[in-house]
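Chain and residue survey
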Amino acid sequence: STQSTGSSGINAEYGKQWYQRRVRGHFVRSLSLQLPSIREPVQMTSAYSSNLPSYGSKRDVGKALLQTLGAPSNSVRDRKAPEHWNAALNMHVRLSDKDKNKAETQREASNRLIKDLDQKTKSKQAEINRQLQDRITTVAYWKQRLTTEHAAICQEITNLTMSKQKTQQALASTELPTEVSTNCLKNRENREAIDLVQDLVDDELINELNMLSEVQKLLATRINDSDHRLRVLNDCKSCLEYDIRDKEECLRLDEHCYKLNNGSAGLQQIAQPSLYDGHTSTVEKHESFSQENLEKSEIARVMSCLQRELNDFSINKSNDELQKQSELVGSMFRFTSQGAY
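Each chain has its residues counted from 1, running along the sequence as written. Per-residue local features are limited, in this predicted model, to residues with pLDDT of at least 70; the limit for side-chain atom pairs, both in listing and counting, is 80 or more; totals at the level of whole chains, interfaces and linings are taken over all residues. With hydrogens and water excluded, all non-hydrogen atoms of the structure serve as input to the side-chain values.

1. A word on the overall build of the protein
Put simply, the rule reads: Numbering goes from the N terminus for both helices and strands, where a helix is a DSSP run of H or I of at least four residues and a strand is a run of E of at least two. Three labels apply to residues, based on accessible area from a 1.4 Å probe with only protein chains included: buried if under 20% of the type maximum, exposed if over 50%, partly exposed otherwise in between. Whether two residues touch is decided by their heavy atoms; if any such pair falls within 4.5 Å, the residues are in contact. We get accessible surface area from the Shrake-Rupley algorithm with a probe of 1.4 Å; when it comes to residues, only the shown protein chains can shield them.
The helix and strand inventory of the protein stands at seven helices and zero strands. Shown N-terminal to C-terminal, the secondary structure of the protein runs as helices and strands in the order α-α-α-α-α-α-α. When each of the 341 residues of the protein is scored for burial, the buried share is 20%. The contacts in the protein between residues at least 6 apart in sequence include a share of 86% that link residues at least 24 apart. For the protein, the exposed surface amounts to about 25300 Å²; the carbon and sulfur share of it is 54%.

Written out as structure tokens, the structure reads:
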């Protein structure tokens, strides 16, 4: 209140001085219109000389002129008193101070809001960068697992293909023994009279043909099973390759987003950037999809290994049995020949 009282007193004093300077200037301008030019010598007329007293200073001359010319007329417009002018001035000053305080308050609030938004934006950007870094690490981990499994399943496809080819060769190798045994039986059927007998050789040749037929069925079954396992392996391989391409694309996008900052070129505002397509998969679904592909691939590889073992076991067992039967048929031939002699 003391400061406002002092300010009011200063304003009142300033207003009074301004009013006096304006009134004095008005009379001086009026006087300059009536007086001759400064460069010309002043010729006092009789009217002036009779009305003006003799003073010794310019101030006295000014007072005398004011008395002679008289006060300005109030007939043109209504003039206010200095008190009214001071009141209006004080009112404008108070309104100006009030508006100034409001503006300062608004500016401070705006600055606080800008700082808060800037701090929240930087904090959110740091959090997003951390999440992107975690996401990049996770995707790289899954990509590495998928790549390793892809290499393993490709190797398993190669191994099973070689096992299938080996089984096919074993199946093809049974054609010649079948043809030999069949020809032997046909030749023995061509014997005449008493020589057309049913002996042990005929029985063993028939057993050999039956055994060859069973071996051929078994090997054909193993080849069909191998074809089925190869189709499963190729399907798993395609799923892994598709998943690996997705992981590579995710890594490319996430690494690009991780490198972006406020000074990056080509940035533009996007309406509603937080919205996403409802068909977009979540992180959990993305990881579970990769885990399912890995599990299917591992199961397919295990089944393929079992199939290769079955193929090898069937080939080895068939070879052993056919070898024993061939030796038995040969023994019967030798025994019959020795008995006939």
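Once the structure has been displayed, the description carries forward.
2. Focus: the environment of Gln 168
Mapped onto the fold, Gln 168 is located in helix H4 (residues 82–173). Here the alpha-carbon distance between Gln 168 and Ile 315, two residues 147 residues apart in the chain, equals 9.9 Å.

3. With respect to the pattern of salt bridges
The condition is simple: Salt bridges are defined by distance alone: a side-chain nitrogen of Lys or Arg within 4 Å of a carboxyl oxygen of Asp or Glu.
For the coordinates displayed, the defined rule picks out 10 salt bridges. For Asp 134, the salt bridge goes to Arg 130, with nearest N and O atoms at 3.0 Å. Here Arg 130 and Asp 134 lie together in helix H4, a separation of four residues that amounts to about one turn. On the basis of relative accessible area, Asp 134 is assigned to the partly exposed category, the value being 37%. Between Glu 156 and Arg 308 there is a salt bridge; the shortest N-O distance is 3.0 Å. Of this pair, Glu 156 sits in helix H4 while Arg 308 sits in helix H7 (residues 283–340), and the two are 152 residues apart along the sequence. Residue class for Glu 156 comes out buried when judged on its relative accessible area of 5%. Overlapping salt bridges, with partners in common, bring together Glu 127, Arg 130 and Asp 134 in one network.

4. Focus: the confidence of the model for the protein
Where we set the bar: A residue's pLDDT is the confidence the predictor assigns to it, expressed on a 0 to 100 scale.
On average, residues of the protein score 77 in pLDDT, and 67% of them are at 70 or above. By mean pLDDT, helix H2 (residues 46–51) is the weakest element of the protein at 46, and H4 is the strongest at 91. Within the model, the stretch residues 1–7 combines pLDDT values under 50 with zero contacts to residues more than four positions away or in other chains. In the predicted structure, residues 26–53 sits below a pLDDT of 50 and forms 15 contacts with residues beyond four places in sequence or in another chain.

5. Focus: the packing of aromatic side chains
Condition: Classification of ring pairs rests on two measures: the distance between centres of Phe, Tyr or Trp rings, Trp counted by its six-membered ring, which must be within 6.5 Å, and the angle between planes, read as stacked under 30 degrees, edge-to-face over 60 and tilted in between.
Applying the stated criterion across every chain yields a total of one aromatic pair. Ring geometry for Tyr 141 against Trp 142: centres 5.6 Å apart, planes inclined by 70°, an arrangement best described as edge-to-face. A residue is classified by how much of its surface remains accessible, and Tyr 141, at 46% relative accessible area, is partly exposed.

6. Describing the nonpolar core
Let me state the cut-off plainly: What is meant by a nonpolar core is a set of buried Ala, Val, Leu, Ile, Met, Phe, Trp, Tyr and Cys residues, joined one to another through side-chain atoms within 4.5 Å.
Membership of the largest hydrophobic core is limited to 12 residues, which are Trp 142, Leu 146, Ile 153, Ile 157, Leu 160, Leu 230, Leu 233, Cys 236, Leu 240, Ile 244, Leu 294 and Ala 300. Elements with a contribution of two residues or more to this core: H4, helix H6 (200–259) and H7. Those residues in contact with Leu 294, other than ones at most four positions away along the chain, are Trp 142, Arg 145, Leu 146, Glu 149 and Leu 240. Grouped together as the second largest cluster of nonpolar side chains are seven residues, Met 211, Leu 212, Val 215 and Leu 322 included.

7. Remarks on the state of the cysteines
For the record, the criterion: Note that a disulfide, as used here, is simply two cysteine sulfur atoms within 2.5 Å.
In this structure the tally under the stated criterion is zero disulfides. For the unlinked cysteine Cys 236, the closest cysteine sulfur is that of Cys 239, found at 6.4 Å. Classification of Cys 236 by relative accessible area gives buried; the value is 8%.

8. Concerning the side chain of His 150
Along the chain, His 150 turns up in helix H4. In this structure His 150 comes out as buried when scored by relative accessible area, which is 18%.

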